[in-house]
Amino acid sequence: MGNLQVQLQLALLEIERLKRENDDLRSKLKMANQDIAVGYRGGSITIYSV
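Just so it is clear, the structure is predicted and the values come from calculations on it, not from any experiment. (Residues numbered from 1 in each chain as written. Predicted model: local features only at pLDDT ≥ 70, side-chain atom pairs only at ≥ 80, totals over all residues. Heavy atoms only, no water.)

### A word on the pairing of strand E1 (residues 36-41)
Right, so step 1: For E1 and strand E2 (residues 44-49), the ladder comprises six bridges, and the chain directions are antiparallel. Bridge assignment links Val38 to a residue of E2, and that residue is Ile47.
Right, so step 2: Hairpin connection from E1 to E2: two residues lie between these consecutive antiparallel strands, with Gly42 at a positive phi of about 60°. (Pairing = 2+ DSSP bridges. Helix = DSSP H or I, 4+ residues; strand = E, 2+ residues; numbered from the N terminus.)

Listed below in structure tokens is the structure:
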């Protein structure tokens, strides 16, 4: 019974890790799909989300 409990606990931890990874990838994808504008002023480059 104890072994099953450990396996379940590990599976739940893996699910949580995958959820975080999924959220991170969704966030990156959302940013990648945004239109951007690039500005150059005073020697620095700025990227704007439009």
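Now, onward.
### A closer look at the environment of Arg17
Right, so step 1: Among the secondary structure elements, Arg17 is positioned in helix H1 (residues 2-32).
Right, so step 2: Remark: the alpha-carbon pair of Arg17 and Ile36, spanning 19 residues in sequence, is separated by 31 Å.

### Points about a nonpolar patch on the surface
Right, so step 1: Together, Ile36, Val38, Tyr40, Ile45 and Ile47 line one region of the surface with nonpolar side chains, adding up to about 600 Å² of accessible area.
Right, so step 2: Only E1 and E2 provide two or more residues apiece to the nonpolar patch.
Right, so step 3: Here the nonpolar patch gets three residues from one element, more than from any other, and that element is E1.
Right, so step 4: Relative to the assigned elements, Ile45 resides in strand E2.
Right, so step 5: A relative accessible area of 62% means that Ile45 is categorised as exposed. (Patch = residues over 30% accessible without salt bridge, like charges linked within 9 Å, V, L, I, M, F, W, Y side chains within 5 Å. Areas by Shrake-Rupley, 256 points an atom, 1.4 Å probe, with all protein chains shown as cover. Salt bridge = Lys/Arg side-chain N within 4 Å of Asp/Glu carboxyl O. Buried < 20%, exposed > 50% of the residue type's maximum accessible area, 1.4 Å probe, protein only.)

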